[in-house]
Amino acid sequence: MKHFPSRLAITLLAGFLALPALAASPVAKVNGVTIPGERAEAMLTEQRAQGAPDGEQLRNAVREELIRREVLSQEAGKKGLDKKADVKAQMEMARQAILIRAYLQDYVRANPISDADLKKEYEAIKGRMGDKEYKPRHVLVETEDQAKAIIARLQNGTAFEEVAKESRDPGSKERGGELGWSNPAMFVKPFSDAMVRLEKGKYTATPVKSDFGYHVIQLDDVRDVQPPPFDEVKPQLQQRLQQQKVERHVLELREKAKVE
């Protein structure tokens with residue numbers, strides 16, 4: 001069975017943050033309870049990662065937020081809310097999430113994606129794209145007879161944009177059947193096989209059957225593929241391969257675990 005990236009791996013990887021400094025002065029003391037400076041550093045790191053500008057204003061805001069949290073936490077403790085089963089369960093899940101994130105951060109640092117891996121993936125994607133991309137239109141109908149009637153109307157001079165209004169494909173019918181620039185791998189095989197055989201400006205003389213129904217396809221244009229430069233897509237490739245590596249690691253650990 002094919003494995004897909006879990007929401008766990010993607011979410012935790014997307015939230016990858018630098019570890020805060022280990023030495024920091026206490027933030028404040030609230031009703032005799034000291035708020036450790038490491039707590040402020042962790043929140044500052046997270047805020048900076050989300051785009052907040054560093055500076056005195058941010059530090060003051062973080063300090064005030066931590067004080068308010070401590071005040072409310074103390075009040076919750078006075079009421080014994082930390083002893084409730086559902087609250088204890090949520091606290092344990094939060095603890096697990098923090099440990100998991102720390103573990104995956106450590107794994108990512110210890111298992112970086114090499115430039116060789118990135119270039120290999122880049123070349124593989126280029127290979128799947130092929131050397132040509134196509135700009136087709138199509139009309140999708142339910143039966144072969146309907147498709148033959150469409151072809152007959154085209155042969156009699158009806159514009160493709162006109163017959164496309166009868167298409168069952170809501171995404172293209174209002175655009176004259178236009179599907180935009182695409183590579184053949186984006187379409188089901190019967191469609192792509194018929195499309196690549198067409199000459200520019202021609203349409204299929206017989207209906208093309210797929211799992212969706214019957215297509216009449218016209219090829220508006222064809223051009224050489226112009227893949228984006230490696231350096232332009234490198235960050236996206238790196239994130240994608242890192243997610244895949246994390247997911248494989250999580251699956252390996254899951255398969256080794258003794259679950260009773």
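Shown above is the structure to which this text applies.
A quick note: this is a predicted structure, and the numbers were derived from the prediction, not measured.

Engineer: How do you make sense of the overall build of the chain when you look at a structure like this?
Structural biologist: Scanning the chain from terminus to terminus reveals 9 helices and 5 strands. If you list the helices and strands of the chain from N to C, you get α-β-β-α-α-α-α-β-α-α-α-β-β-α. Taking 260 residues into account, the globule formula puts the C-alpha radius of gyration at 18 Å, and the chain, at 29 Å, lies well above it. Structurally, the chain occupies a C-alpha span of about 90 × 50 × 45 Å along its principal axes. By residue count, 30% of the 260 residues in the chain fall in the buried class. Of all intrachain contacts in the chain linking residues separated by at least 6 positions in sequence, the fraction that spans at least 24 positions is 67%. Of the roughly 17,300 Å² that the chain leaves accessible, carbon and sulfur atoms contribute 53%. For the chain, the centre of its 43 positive side-chain charges and the centre of its 40 negative side-chain charges are spaced 4 Å apart.

Engineer: Sorry if this is basic, but what is going on with the pattern of salt bridges here?
Structural biologist: Two side chains carrying opposite charge are able to pair once their charged atoms lie near each other. Under the defined criterion, the tally for this structure stands at 24 salt bridges. Among the salt bridges present, the one from Glu70 reaches Arg39, with a minimum N-O distance of 3.7 Å. Taken together, the positions of Glu70 in helix α3 (residues 56–78) and Arg39 in helix α2 (residues 37–49) put the pair 31 residues apart, joining distant regions of the chain. Relative accessible area serves as the criterion here: at 41%, Arg39 is assigned to the partly exposed category.

Engineer: Would you explain the environment of Leu237 in this entry?
Structural biologist: Considering the arrangement of structural elements, one finds Leu237 in helix α9 (residues 230–256). Setting aside anything within four residues of it in sequence, one finds Leu237 in contact with Leu118, Glu121, Tyr122, Ile125 and Phe230.

Cut-offs used in this document
Residues numbered from 1 in each chain as written. Predicted model: local features only at pLDDT ≥ 70, side-chain atom pairs only at ≥ 80, totals over all residues. Heavy atoms only, no water. Helix = DSSP H or I, 4+ residues; strand = E, 2+ residues; numbered from the N terminus. Rg over C-alpha atoms; globule rule 2.2 N^0.38 Å. Buried < 20%, exposed > 50% of the residue type's maximum accessible area, 1.4 Å probe, protein only. Contact = heavy atoms within 4.5 Å. Areas by Shrake-Rupley, 256 points an atom, 1.4 Å probe, with all protein chains shown as cover. Lys, Arg positive; Asp, Glu negative; His and termini not counted. Charge placed at Lys NZ, Arg CZ, Asp CG, Glu CD. Salt bridge = Lys/Arg side-chain N within 4 Å of Asp/Glu carboxyl O.

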